[in-house]
Amino acid sequence: MKICCNLYSTHLLLVYTHNITPRLRYTFKHICTRILGIPVSFTTTIEEFIAHDSMKMSYTRKPLSNEIFIRNHELLFEQGISDVDINVHNWEDTKCFFTTGEKSALPYDIFAASFYLLSRYEEYLPHVKDDYGRFPATESLAYKHEFLNQPVIDIWSNKLKSILEQKFEFYSFPVKTYQINPIIDVPMAYYYKQKGIMRTMGGSITDLFTLKLKRFYQRLLVMFSFERDPYDTFKWIINRQKKSSYKFTVFFLIGDYSTYDKNISINKKKFVSLIKSVSDYCRIGLKVSYFGLDNIAILKKEKKKLELVTNFEVEASRNSFSKVNLPKTYRHLVELEIHEDYSMGYLNHLGFRAGTCTPFLFYDLDYETPTPLLINSYHCLDFALLKHQSLLDKQEELQRLINTVKAVNGTFVPVFHNYSFGSDERWKGFRQLFKQVLESVNENKRD
């Protein structure tokens, strides 16, 4: 997030509340500091609040005088997890919940509502999991009440900003600009190459017996170097990176071969060489194997292997199948000092799983504390675009999502796979879609 400094950077927003809790600090700092770029401090002392000569707001049950007052919901003052009563209502161009009284400057407690979404509170509550043990979009509050397609927290934050601007005309707010954070997922670097004799022979025999003659023929052409492997799109990726001012993050799966993970062995010299060559241009992250998600020993081993290849500490990870088991998955990342996660999103639905397009810290609800782990929720996975038949429909849907993030000057995080840039008919046009994401920043500069 790029925020321009200004003359009034010494001003801060002082919040009066009856109880300063970790939940309260965490949520106010995400909205006020991460999204709006305003320093924020807290007090429980009325005299200190009255004496403050800059921006101030009260967050309690009753206003003190004529300050900006937001009537609080109890969620930020509770501990543990309970069955929260939620009624979602329409609010101008968006939706919200946790209504407040008439005296409140906002009709909803956007701080409590934001905490509910950011902490992924609903994922700790009983819910039906999918076949891979994941929290499905259809179980979410956002899906059920049709606001999954909006970064509601960023929208709410801008509504708060408007109120602050009217009240404190002396303050010049920092300027936040639209950003992109392109992600390329590599669960399998090559489709035919570097698989070993047994896997290659087994695949060839299967192709023949199932009469997949076209694939058998393609396999032969690739193995004898007459044709490029359909998943080997790395030269194209590197060329795109050279022309872009935004670093791509490429996640390589290096876990052991299993039922779920079928990548190339990290012992293959050509695979190691590939990772090194990509790391010369792109940022490299670890794609955690399916069995590494719940086993910290396996995760630690995979992290060390990748660090040996790149000679850099692993700072970012993304989970196989975008599976997140809260809070266990994220606690493992914190313990191993992996600073960023890119697994928070839905495979089959576009939108905002955590309700925001601004990176946020993982809040551990069991321990009631924010952690250093930065969650970069993704908003678009290439698979979710396949439900749209024509390329034009895909482009329009992608542009709608880009425009939604642009409207709040957020960070757009799309996930593409190396094979979606290949020659397979299924992925026709996805190179154009990736270019569309990259060009959206240039459009923003022209605007």
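Just above, that's the structure.
Residues numbered from 1 in each chain as written. Predicted model: local features only at pLDDT ≥ 70, side-chain atom pairs only at ≥ 80, totals over all residues. Heavy atoms only, no water.

The strand order β2-β1-β3-β4 describes an open sheet built from four strands, whose pairing is parallel. The two strands at the open ends of the sheet, each matched to only one other strand, are β2 (40-43) and β4 (68-71). Across this sheet, the average inter-strand angle for adjacent strands is 25 degrees, counted without regard to direction. As judged from the four bridges shared by strand β1 (residues 13-16) and β2, these two strands associate in the parallel manner. By the bridge assignment, L13 is partnered in β2 with V40. Most of the contacts of helix α6 (residues 152-167) go to β4, to which it runs at about 155 degrees, and overall it touches β1, β3 (56-60) and β4. (Pairing = 2+ DSSP bridges. Helix = DSSP H or I, 4+ residues; strand = E, 2+ residues; numbered from the N terminus. Axes fitted to C-alpha atoms, helices over the stretch in contact; angles between N-to-C directions. Contact = heavy atoms within 4.5 Å.)

Turning our attention to the packing of aromatic side chains. Here the structure, examined in full by the defined rule, presents 39 aromatic pairs. Their ring planes at 80 degrees and their centres at 5.1 Å tell us that F115 and Y363 sit as a pair that is edge-to-face. Linking F115 in helix α3 (residues 110-118) with Y363 in strand β13 (residues 360-364), this pair joins segments that are 248 residues apart in sequence. With relative accessibility at 0%, the residue F115 sits in the buried group. On the basis of an interplanar angle of 75 degrees and a centroid distance of 5.0 Å, the ring pair of W427 and F430 is categorised as edge-to-face. A residue is classified by how much of its surface remains accessible, and W427, at 4% relative accessible area, is buried. Note on F430: relative accessible area 0%, which makes it buried. (Phe/Tyr/Trp six-rings, centres within 6.5 Å; stacked < 30°, edge-to-face > 60°. Buried < 20%, exposed > 50% of the residue type's maximum accessible area, 1.4 Å probe, protein only.)

The next subject is empty space enclosed by the protein. Rolled over the atoms, a probe with the dimensions of a water molecule shows which regions are left empty. The final tally for this structure, using the stated rule, is two cavities of 30 Å³ or more. In this model, the largest cavity occupies a volume close to 50 Å³. Surrounding the largest cavity, L118, S119, R120, L326, Y330, M344, F360, L361, F362, Y363 and I375 form its lining. No other element matches β13, which puts four residues into the lining of the largest cavity. Its residues assigned to classes, the lining of the largest cavity shows nine nonpolar, one polar and one charged. Surrounding the second largest cavity, T356, C357, T358, P359, N376, S377, H379, T411 and V413 form its lining. A per-class count over the lining of the second largest cavity returns three nonpolar, six polar and no charged. (1 Å grid on protein atoms, 1.4 Å probe; cavity = no way out; pocket = protein on both sides within 12 Å on 5 of 7 lines; lining within 4 Å. Points joined across faces, edges and corners; volume = space filled by probe spheres on them. Nonpolar A, V, L, I, M, F, W, Y, C, P; charged D, E, K, R; others polar.)

Attention now moves to the environment of E123. With respect to the helices, strands and loops of the structure, E123 is situated in helix α4 (residues 121-124). Assessed through its relative accessible area of 8%, E123 is described here as buried. Distance in space between the C-alpha atoms of E123 and S140 is 8.2 Å, their sequence separation being 17 residues. Ignoring anything within four residues of it in the chain, the contact list for E123 reads F135, L326, M344 and R353.

Put simply, helix α1 (residues 22-35) and α6 touch, their axes get as near as 10 Å, and they point 75 degrees apart. It follows that α1 is roughly perpendicular to α6 by the angle criterion. The segment α1 lies against α6, with H30, I31 and I35 engaging I153, D154, S157 and L160. A per-class count over the contact of α1 with α6 returns four nonpolar, two polar and one charged. (Parallel < 35°, antiparallel > 145°, perpendicular 65-115°, else oblique.)

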